[in-house]
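Remarks on the overall topology
Residues per chain, in single letters:
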Amino acid sequence: MKDLHVVADQALELPATPYQARHFIDGAQSYSADGRTSDRVSPSHGVVVSRAALGGTAETEAAIRAARTAFDDGRWSRLSGKERGTILMKVADLIEKNEERLALIETLESGKPISQARGECGGAADLWRFAASLARTSHGDSHNTLGADMLGVVLKEPIGVVSIITPWNFPFWILSQKLPFALAAGCTCVVKPSELTPSTTAMLAELLIEAGLPAGVCNIVLGHGDPVGTLMSRHEDVDMISFTGSTAVGKRITKAAGDTLKKVALELGGKNPQVIFPDADLEGAADAVTFGIYFNVGQCCNSSSRIIVHEDIAEDFVARVVALSKKVAFGNPLNPETQVGAIVSAEHREKIDGYVKAAQAEGAEVYLGGDALTVPGLSDQFYQPTVVRGVTPDMAIAREEVFGPVVAVLTFRTLDEAIALTNDAHYGLSAGVWSENVHTCLAFARRAQAGTVWTNTWMDGFPELAFGGMKQSGQGREIGSYGFDEFLEVKSLVMRVGRTRAPWVKSA
Ligand code: NAD
């Protein structure tokens, strides 16, 4: 593929030694009692970039115990919102101060470009600041209309100990969509990052200590889904699980949580369409589609892996997307010019390729890409920008999460057809519509089964706006005031004013 834009040069040095990632339990960083560790090999450079303590039952039990004690003794939950918010603001400042350190290891473990990692790690400070503002402004309701002798007050209280389990594709960003909100609410936490990308979560422990977070309020256990994640999901001392990851693991977590009926909030996969009407700003739409497919090499829950384009403009529009695809800078994540980096693992690259080959075998046309991408001097974990057209709704590439730089193109004739195709999925995370006609946009937005709908844009997000999925894309919401409320219990306080209560027992 000579006509693709491949960046081979490297601008930043690889670190001389791997980062040593440790657990953070009851205020202290530690290795596992049995000394077990696991190495992370960089997807792009093929060298060991971190060595992380590998936790087991003992570390997980200790972390849950510490979080339970810290919650129950009120060292955090009974602080004022101002006191909690002040610490969260300090963490935000420290995140910005440490942006470069965080971004470098995030890039090395995940394969994402350094410029993107800087944006995600440094940008996460804004989530911490927004959560800090909620710590101070959170309030319940009062009911002054229940009669002269009654006053009702609805209190919001922290739900308790929260298990936070995160994936590898946006390790620091997703952590920051959950942890500061749970802490702002007054909860205590046990956090488990993905075993593939543990280091920025482990580094955060240093910042929490420096900011003065009391011991035991946030605990971090590094390790695999089993046993660490499973124990965090079923333990009776945990009150809630906040999970981001695959739909398959989300279902397992729900089952594990069932015995104790703990609250489960899930942010899962997506098969997100962008729908293009003929009257749209086609230049803007083609650019947003290109961004939507290739951002994070398509390893993104919000990836716009389905393009549903009106028949009349399909030929022209797909040609625009292909032309733009050739200009996107794929290559060395340690070069700030690079926009798209490596696939997380060799197995995952094979899985992506399998979807493309299966679609081809079923009659779809691979219009661009469809093979591994060679980046001189780097590993073989890169994949070409890939556009597959002639896709039908029954093909796996149109229904399942490919999680790669691959777009499936489908066509429609009417608004009803576009909506039917949009909703023909088990997932319901996000959807987009492109039209200059506000009526078309609003009709689509109201009928699309998706937690987020973008009109004439893609993937813009704000800490103020709730995020989450319908159908098998999840349950509950994250960020915004709705996301914050997930970490709160509601208690009704009913008060009689004066000695006005009529006796229930009749006097003889
Ligand atoms: P994954 O489900 O394989 O793993 C996620 C986390 O769960 C990891 O920390 C893993 O160790 C842990 N885990 C694995 N098995 C477990 C078990 N039985 N019990 C408890 N924890 C367990 O997901 P992934 O491959 O890391 O991430 C990719 C997936 O995440 C994709 O499906 C993507 O769409 C989804 N995702 C969703 C969002 C969203 O906000 N909706 C955001 C990012 C990623």
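Owing to the predicted nature of the structure, the values given are computational and were not obtained by experimental measurement.

The rules we used
Residues numbered from 1 in each chain as written. Predicted model: local features only at pLDDT ≥ 70, side-chain atom pairs only at ≥ 80, totals over all residues. Heavy atoms only, no water. Phe/Tyr/Trp six-rings, centres within 6.5 Å; stacked < 30°, edge-to-face > 60°. Helix = DSSP H or I, 4+ residues; strand = E, 2+ residues; numbered from the N terminus. Buried < 20%, exposed > 50% of the residue type's maximum accessible area, 1.4 Å probe, protein only. Lys NZ or Arg CZ within 6 Å of the ring centre and 35° of its normal. Domains from an automatic or database assignment. Buried area = accessible area lost by both parts, 1.4 Å probe. Polar contact = N/O pair within 3.5 Å; in protein donor to acceptor, adjacent residues only side chain to side chain. Nonpolar A, V, L, I, M, F, W, Y, C, P; charged D, E, K, R; others polar. Pairing = 2+ DSSP bridges. Right-handed = clockwise from strand over helix to strand, strands pointing away.

**Details of the packing of aromatic side chains**
All told, the structure shown has seven aromatic pairs when counted by the stated rule. With a centroid separation of 6.2 Å and an interplanar angle of 50°, the aromatic rings of F130 and F181 are classed as tilted. Of this pair, F130 sits in helix α4 (residues 114-137) while F181 is found in helix α5 (residues 171-185), placing the two residues 51 residues apart along the sequence. Using a relative accessible area of 0% as the deciding quantity, one classes F181 as buried. Seen from their ring centres, W168 and F403 are 5.8 Å apart, and the 85° between their planes marks the pair as edge-to-face. Here F403 lies in the loop between α12 (396-399) and β19 (406-412) and W168 lies in the loop between β9 (161-165) and α5, a separation of 235 residues in the sequence. One aromatic cluster is present, formed by F170, F291 and F295 through successive ring pairs. Of note, R389 hangs over the ring of Y367, and the distance from its end group to the ring centre comes to 3.9 Å.

**Notes on the domain arrangement of the protein**
The assigned domain composition of the protein is domain 1 (14-268 + 473-492) and domain 2 (273-455). Computed over C-alpha atoms only, the centres of domain 1 and domain 2 are separated by 31 Å. Both faces combined, the contact of domain 1 with domain 2 buries some 2000 Å², and carbon together with sulfur accounts for 61% of it. Seen at the junction of domain 1 and domain 2, the total is 12 residue pairs in polar contact (both at pLDDT 80 or more). Of all the elements in the fold, those that place two or more residues in the side of domain 1 that touches domain 2 are α3 (99-110) and α4. Residue contributions to the side of domain 1 that touches domain 2 peak at five residues, all from α4. Class assignment for the residues of the side of domain 1 that touches domain 2 results in 10 nonpolar, 10 polar and five charged.

**Thoughts on the pairing of β19**
Most of β19 is tucked away, with six of its seven residues classed as buried. Where strand β15 (residues 306-310) lies against β19, five bridges are found, and the strand directions are parallel. In the sheet register, H310 faces β19, and the bridge partner there is F412. In terms of strand pairing, strand β18 (residues 386-389) meets β19 through three bridges, oriented parallel.

**Re the pairing of β9**
Buried residues dominate β9, accounting for five of its five residues. Residues V161, S163 and I165 of β9 are buried on one face, and the alternating residues V162 and I164, pointing to the opposite face, are buried as well. Summarising the sheet, β9 and strand β10 (residues 188-192) pair through five bridges and their orientation is parallel. For V161, the partnering residue across the bridge sits in β10 and is T188. Traced from β9 through α5 to β10, the parallel crossover comes out right-handed. Bridge count for β9 against strand β12 (residues 240-244) is four bridges, and the pairing is parallel. Among the inter-strand pairings, I165 is bridged to a residue of β12, identified as F243.

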